[in-house]
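Coordinates in review
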Amino acid sequence: MHNGGVAYGDKMVFYMIEDTIETSKSNKRVALVFGGRGVEHQISCLSACRIMRFIKSSFKSPLCIYISRDGGWYFFPSGGMLIASADSVDISSLTPTFPALVKGKSGFLHDGGLIEVDCCIPALHGDFGEDGIVQGALECAKIPYVGQGVLQGALCADKEYTKLVAISEKIPTAPYAVYRKSVYEKSEAEKALAEAKSSFGYPMFIKPAGLGSSFGDCGVRTDEEFHEALKNALEICHGKVLIEKLISAELELECAFLDGENKIVTEPSSVSVAGGCYDFKRKYIDKSAKTKVTAEIDENLKALAKEYSKKLVDRLSLLDLARIDFFLADGKLYFNEINTFPGFTEDSLYEKMLKEVGIDGEALIRRLVSLAEARRNDRYI
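Considering the environment of Glu362
Summarising the element assignment, Glu362 is placed in helix 11 (residues 361-374). Exposure remark for Glu362: the relative accessible area of 33% places this residue in the partly exposed category. In sequence terms Glu362 and Lys56 are 306 residues apart; their C-alpha atoms lie 9.1 Å from each other. Not counting residues up to four positions away in its chain, the partners in contact with Glu362 are Phe54 and Ser57.

Right, here's the structure in full:
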């Protein structure tokens with residue numbers, strides 16, 4: 001078995017996949033898709049490293065599919081390679097592929113033929129991953145996949161629309177305004193700023209409406225800071241920026257959802273950050289945030305977080321897995337956002353919360369694959 005960050009020719013990639021399959025434990029073939037065009041490309045690679053280990057414990061070694069930053073789909077060596085370093089891979093040496101339906105068979109194109117799969121795990125985060133775009137391609141190929149359908153993914157990926165659903169359920173959210181242009185325009189920015197000032201005033205919080213991992217998020221307290229933060233957010237998002245009242249949260253709370261015959265919504269975990277928000281740096285670089293798998297808060301607040309989470313799961317018809325996030329400020333809960341494919345890195349809380357209720361990582365992946373396969377002919381489109 002080859003490993004390391006070396007380049008593989010087309011046939012070697014194919015035969016390495018086939019050789020791995022022949023010596024594996026199970027007959028099920030799971031495709032693991034990772035990378036992606038979005039800004040959370042590298043986080044996806046980190047999640048895929050961990051998910052790969054769980055897949056290998058119960059199924060055949062996964063058929064690894066890497067989506068490059070420019071959107072190309074490629075077979076990726078499934079041996080011992082550290083896929084967290086996928087950015088350094090020479091994609092010119094990899095075999096292109098794409099999900100397809102050929103003569104009633106579903107799988108991924110290869111060398112004029114097809115490698116069939118039983119299920120796909122799109123371990124993708126944020127834009128071009130959780131927003132229904134990749135899921136649409138899998139739907140067209142009739143490949144069962146883990147996670148939300150196209151509609152649920154698109155709704156949850158757009159923070160404005162998710163807020164509207166929460167408001168319809170009488171779940172408190174931070175007051176907000178929206179900037180809807182794809183580029184910075186001073187006159188439109190001034191209109192959005194005037195609306196925000198009239199509604200709630202400073203301090204405010206600027207964030208792209210369709211990204212995760214706190215990319216482009218920024219607190220602002222002056223007009224100058226507002227315009228600078230808006231410009232920065234527009235450089236990495238796709239045409240919509242949320243302008244919220246900044247909630248000075250004592251804690252950020254997260255509830256894990258897992259679908260199945262007995263649906264699970266866990267008690268909330270907590271994240272606390274001294275002197276700031278739970279941004280990308282604190283999540284993945286200095287890891288200065290303090291987390292607790294079970295939040296040390298009043299039992300009534302725990303119950304309310306679960307109640308709100310269940311309402312959102314039901315109203316949005318969420319499938320398989322999700323993480324529902326809240327702010328806790330002055331004894332009051334505010335809905336923040338829904339993460340429809342939570343991170344699976346070593347530090348991610350989603351897996352830890354489920355472990356608290358008796359479901360470890362291997363059991364989690366088995367359950368998710370089973371849920372996806374059960375919808376083979378009953379997918380939301």
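Points about the environment of Gly126
Position of Gly126 among the secondary structure elements: in the loop between strand 7 (119-122) and helix 3 (133-140). Take Gly126: its relative accessible area is 7%, and that puts it in the buried class. Residues Gly126 and Gly210 lie 84 residues apart in sequence; the distance between their C-alpha atoms is 7.1 Å.

Details of the pattern of salt bridges
A complete count under the given rule lists 20 salt bridges for this structure. A salt bridge links Glu346 to Arg53; the nearest nitrogen and oxygen atoms lie 3.1 Å apart. Highlighted residues: Glu346 in the loop between strand 17 (332-339) and helix 10 (349-356) and Arg53 in helix 2 (residues 41-58), separated in sequence by 293 residues. Notably, a salt bridge pairs Glu169 with Arg315, separated by 2.7 Å at the nearest N-O pair. With a gap of 146 residues between them, Glu169 in the loop between helix 5 (159-168) and strand 8 (176-179) and Arg315 in helix 9 (residues 299-315) connect regions that are remote in the sequence. Judged by its relative accessible area of 47%, Arg315 is partly exposed.

Conventions used here
- Residues numbered from 1 in each chain as written.
- Predicted model: local features only at pLDDT ≥ 70, side-chain atom pairs only at ≥ 80, totals over all residues.
- Heavy atoms only, no water.
- Helix = DSSP H or I, 4+ residues; strand = E, 2+ residues; numbered from the N terminus.
- Buried < 20%, exposed > 50% of the residue type's maximum accessible area, 1.4 Å probe, protein only.
- Contact = heavy atoms within 4.5 Å.
- Salt bridge = Lys/Arg side-chain N within 4 Å of Asp/Glu carboxyl O.

Without other data, these values stay purely geometric and don't point to any function.
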